Amino acid sequence: MKFLPGAVFAALSLGAASTVAFTPSRGSSSITTSVHSSSVRSPVARVRGSVIPTTALSSSLSADPAIAELYKRRSRPEYIPGRIDDPDYVRIFDTTLRDGEQSPGATLTSSEKLEIARNLAKLGVDIIEAGFPIASPDDFAAVKQIADKVGNEVFEDGYVPVIAGLSRANEKDIARAWDAVKGAVRPRIHTFIATSDIHMKSKLNKTPDEVVDIAVNAVKFAKSLGCNDIEFSPEDAGRSDPEFLYRILAEVIDAGATTLNIPDTTGWNMPWEFGELIKKLRENVRGAENVVFSTHCQNDLGLATANSLSGALNGARQLECTINGIGERAGNASLEEIVMSLALKGNEQFQGGPGTGKLYTAINPVYITPTSKMVAEYTGMKCQPHKAIVGANAFQHESGIHQDGMIKDKSTYEIMTPESIGLMRGESQSGAGIVLGKHSGRNAVGTRLRELGYDLDIDKLNAVFARFKEVAEKKKGGLDDDDLESLVSDQAGAMNELWRVTGLQATTGLSGIPTATVKMMGPDGVERYVSSTGTGPVDAVYKAIDQIMGVDVVLESYSIPSLTEFIE
């Protein structure tokens, strides 16, 4: 069976009735199973006449063929600067290490950047923008390290990521960027200059003619250094005069640019506006057929992913994005959102542009979750729980109606499986992301109890469920398995309250010893109190509780949420 691009992973189901990930046959509605050669490290590969070590995916493949299928690499057209032989293929340009790191507080070390870059290569991104080499000696060293290492680690299928360095449109920046990336098998220089009226007047203090000359000279200089893969970006294109864009883009094409990146720098455009801009540029820029059009969309109005996909609909074949959508201000288009949108809808919703309209990428989505977690950990920028694809709640279900549907058929409320993006749910939470909280129904509670080994009659289940509802109303974060078993262990379905805190006072300070006085009512109705010291006020409280109850209490978790902004 032939491997066909554009793999869709939503149909993967795990368990007794496992099926492998499947690929809709392009041009038809039939389903074809993806088949590749086994993932074995090859000793060498030849790229541009050189002998280079190759890399195989170092994943611990599951014995489950459905899981193993997820780790197989996706095919892609041969990489040629300025050209994609398959007009349906969309290149993914990741700028997590450049634009993503520009997020306030998201500074990364060189070793962290290298680890992220290696994960991006496993993910299969076509281009890694590794940084802004002129920004600092450390940024230069980090980009060079990625180019020299990740940019030379050729995978067994011949894939090796393009390594790009960003530069302003001047010779010093461009030379520095080239020195950083030229050690890669596939190096790219990405140079830019602003083209909107407000930027040219207020920031650059340049006339349009001067800006055109600067852009052309920058591209010519990059080409003179020996770089044959040159990306040019007219900064703030989303607010630029289209007629001026037609002019400057035609000139840089003549100078040697191979990719034209169209940034919506301020997140100003609506999806239909941005898509129309891409369409007009492809129709009106002289030489447009000789370059790849790209998008770079900021998320100031929450439309970065939508604008990027609108660009793809209208002929852009490179989409710039970041892991978790991090970046300047409100962030960038999210890689995981773009990739999974194309994986699920690219086969049917993108007619009208070049090619057949059945768009696809070569991304291996199974690496999305580990890469997302790595970026969040290293940058210190956690995803909001409801973030699409990678948020903690993305595959969680608390509503009773939703839980009932998930238990019966997971596709009722999930359009993709968590396993397809590398989140191996297994049998936890009933294997369906069931979070038992105040909105949960009887079916979800009963199902989880049966999985824990409790076969309750209807009266006992009703009693447990009634008490469950009472507890769930008060407990944030839902009830875990231990909580459920505690409910079952009480035959009446109600928990016996043995001790109750009736008073508490704690004092601490820079010079004082943390002290707590705790008053508790026991099961005999007698109120007792004791004072204790500790390493901190919380420790003092729990030592006092230990003394009153005569048992050792283990504090498993402790948090103080902020009720109002700036009050903690």
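The structure reproduced in this document is the subject of the present report. (Residues numbered from 1 in each chain as written. Predicted model: local features only at pLDDT ≥ 70, side-chain atom pairs only at ≥ 80, totals over all residues. Heavy atoms only, no water.)

1. So, the side chain of R73
Mapped onto the secondary structure, R73 falls in the loop between α1 (65-70) and β6 (91-94). Of note is the side chain of R73, whose polar atom sits 3.1 Å from the side chain of D157. (Helix = DSSP H or I, 4+ residues; strand = E, 2+ residues; numbered from the N terminus. Polar contact = N/O pair within 3.5 Å; in protein donor to acceptor, adjacent residues only side chain to side chain.)

2. Regarding unusual backbone geometry
If you check the backbone angles, D236 has positive phi at about 65° while not being a glycine. Turning to its location among the elements, D236 is positioned in the loop between β11 (230-235) and α7 (242-255). Phi at I389 takes a positive value of approximately 75°, unusual for a residue other than glycine. Tracing the backbone shows I389 in the loop between α11 (368-379) and α12 (400-408). On the basis of relative accessible area, I389 is assigned to the buried category, the value being 12%. (Buried < 20%, exposed > 50% of the residue type's maximum accessible area, 1.4 Å probe, protein only.)

3. Focus: the sheet that holds strand β16 (residues 515-521)
Strand order in the open sheet formed by 3 strands is β15-β16-β17, with antiparallel pairing between adjacent strands. Across the chains shown, the open sheet's two edge strands, defined by having one partner strand only, are β15 (500-507) and β17 (527-533). When strand polarity is set aside, the average angle formed by the axes of neighbouring strands in this sheet is 15°. The pairing of β16 with β17 spans 7 bridges and is antiparallel. Counted as the bridge partner of A516 is S532 from β17. (Pairing = 2+ DSSP bridges. Axes fitted to C-alpha atoms, helices over the stretch in contact; angles between N-to-C directions.)

4. A word on the pattern of salt bridges
Using the criterion set out here, one finds 24 salt bridges in the structure. In this structure, R98 and E129 form a salt bridge, with 3.1 Å as the shortest nitrogen-oxygen distance. Here R98 is found in the loop between β6 and α2 (110-123), whereas its partner E129 is found in strand β7 (residues 127-131), with 31 residues between them in sequence. As far as the burial class goes, R98 and E129 line up, both buried. In this structure, K387 engages E336 in a salt bridge whose closest nitrogen and oxygen atoms are separated by 2.9 Å. Of this pair, K387 sits in the loop between α11 and α12 while E336 sits in helix α10 (residues 335-345), and the two are 51 residues apart along the sequence. Residue E336 is classed as buried on the basis of its relative accessible area, which comes to 1%. In the salt-bridge network here, residues are joined through shared partners; they are R98, D99 and E129. (Salt bridge = Lys/Arg side-chain N within 4 Å of Asp/Glu carboxyl O.)

5. Here we look at helix α16 (residues 537-549)
Look at α16: 19 Å from first C-alpha to last across 13 residues, which is about the 18 Å you get at 1.5 Å a residue. Along α16, the positions that sit buried rather than exposed are A540, V541, A544, I545 and I548. Here the buried residues of α16 occupy an arc of 140° about the axis, which is enough to place them on one side. Looking at the packing, one finds that the buried side of α16 touches β15, β16 and β17. Among the residues trailing α16, G550 stands out with phi positive, at a value near 75°. (Expected span 1.5 Å × (residues − 1). Arc of directions from axis to C-beta. Contact = heavy atoms within 4.5 Å.)

6. Points about the pairing of β6
On β6, burial covers both faces: R91 and F93 on one face and I92 and D94 on the other are all buried. In terms of strand pairing, β6 meets strand β14 (residues 318-321) through 4 bridges, oriented parallel. The residue of β14 that forms the bridge with R91 is Q318. Relative to β7, β6 runs parallel, the two being bridged by 2 bridges. Bridging from a neighbouring strand, F93 pairs with I127 of β7. Considered for its hand, the β-α-β crossover made up of β6, α2 and β7 is right-handed. (Right-handed = clockwise from strand over helix to strand, strands pointing away.)

7. Overview of the nonpolar core
Generally speaking, nonpolar side chains in soluble globular proteins are found buried as a group. Counting 95 residues, the largest nonpolar core has L123, V125, F232, L249, L260, I262 and L281 as the members making the most contacts within it. Here the element with the most residues in this core is α7; it accounts for 9 residues. Dropping the residues within four chain positions of it, L281 is found in contact with L245, Y246, L249, I262, A288 and F293. Counting residues in each nonpolar core, the second largest holds 16 residues, with A444, F465, V471 and L479 among its members. (Core = buried A, V, L, I, M, F, W, Y, C linked by side-chain atoms within 4.5 Å.)

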